[in-house]
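# Per-entry structural report
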Amino acid sequence: HCRGFGRSPGAELGPWGRFAAEFGAGVHHRQRSAWALYKTGLSYGKGFQTGWGNGWLAVDAALEFRTHEAVYRKLDFTTGLSADRLLNPLLQIETSYTPDTSFYWRVRPSVMIRTNKGKTKWVLGPERTNARSKTGIRIAIWNEF
C-alpha cells in the first residue's frame, strides 16, 4: 500500500525514553482494486548501552483502518545496535490482528550495513512469516535525514 504520514514528538521522558504519535492516510491495493487507508499510532523508543556499543529499542502500536476490511491492530518491536562499525545486528517482530482472522506475525533478524557516509544503511536478513508459512530474504535501505 502507499501511504503518506506524519510523526509528531510526544512525551520526552529523559533516560526512560520518548513517545511519538503517528497519523497517516493513503491507499491500500490488491491487484487492480484500491481502497482508502487511515492509520493512527503511538511509538515508544529508548536508547541503551551494551558492551558491544550503543543500542535502541522501539515499540509501535497502531490501528489501521482499510475501508474495505476490518480494523487492523498492530504491535511491532524493533531493537538493534548502532555502534560506529560496518555491521550491526537488528531484530524486528511485527504482529497484527483483525477480527475473524488468525493472529499474524513476522520475524526479521537482520544485519545493518553502514555505507561510507554513515547516513544510509542497507538492511539484509531472512524473514519468516506464520500467515503464509514462508521464509524469504529482506533487503531494505534506511536513510537518515
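Above this text is the structure in question.
Right, let's walk through the structure included here. It should be emphasised that the depicted structure is a prediction, and the values quoted were computed from it without experimental measurement.

In terms of helices and strands, the chain carries 0 helices and 9 strands. Secondary structure elements in the chain, listed N-terminal to C-terminal, are β-β-β-β-β-β-β-β-β. The principal-axis extents of the C-alpha atoms in the chain amount to approximately 45 × 35 × 25 Å. A burial count over the chain gives 28% of its 145 residues as buried. Considering only contacts within the chain whose residues lie at least 6 apart along the sequence, 33% involve residues at least 24 apart.

Turning our attention to the environment of aspartate 100. In this fold, aspartate 100 is placed in the loop between strand S6 (87-97) and strand S7 (104-114). Its relative accessible area of 83% is what places aspartate 100 among the exposed residues. In this structure, the C-alpha to C-alpha distance between aspartate 100 and alanine 70, residues 30 residues apart in sequence, is 9.1 Å.

All right, on to the environment of serine 96 then. Of note, serine 96 is situated in strand S6. Once you skip the residues sitting within four places of it in the chain, serine 96 turns out to touch Tyr72, Arg73, Lys74, Phe103 and Tyr104.

A grouping of Trp122, Leu124, Ile137, Ile139 and Ile141 is seen on the molecular surface, where their side chains present a nonpolar patch of about 540 Å² in accessible area. Every element with two or more residues in the nonpolar patch is listed here: strand S8 (120-129) and strand S9 (134-143). Inspection of the secondary structure puts isoleucine 137 in strand S9. Its relative accessible area of 67% is what places isoleucine 137 among the exposed residues.

Once that is clear, we can look at the packing of aromatic side chains. Enumeration over the complete set of coordinates arrives at 2 aromatic pairs. With 5.2 Å between their ring centres and 55° between their planes, phenylalanine 19 and tyrosine 44 make a pair best called tilted. In this pair, phenylalanine 19 sits in strand S2 (residues 18-30) while tyrosine 44 sits in strand S3 (residues 33-50), placing the two residues 25 residues apart along the sequence. With relative accessibility at 30%, the residue phenylalanine 19 sits in the partly exposed group.

What counts as what
Residues numbered from 1 in each chain as written. Predicted model: local features only at pLDDT ≥ 70, side-chain atom pairs only at ≥ 80, totals over all residues. Heavy atoms only, no water. Helix = DSSP H or I, 4+ residues; strand = E, 2+ residues; numbered from the N terminus. Buried < 20%, exposed > 50% of the residue type's maximum accessible area, 1.4 Å probe, protein only. Contact = heavy atoms within 4.5 Å. Patch = residues over 30% accessible without salt bridge, like charges linked within 9 Å, V, L, I, M, F, W, Y side chains within 5 Å. Areas by Shrake-Rupley, 256 points an atom, 1.4 Å probe, with all protein chains shown as cover. Salt bridge = Lys/Arg side-chain N within 4 Å of Asp/Glu carboxyl O. Phe/Tyr/Trp six-rings, centres within 6.5 Å; stacked < 30°, edge-to-face > 60°.

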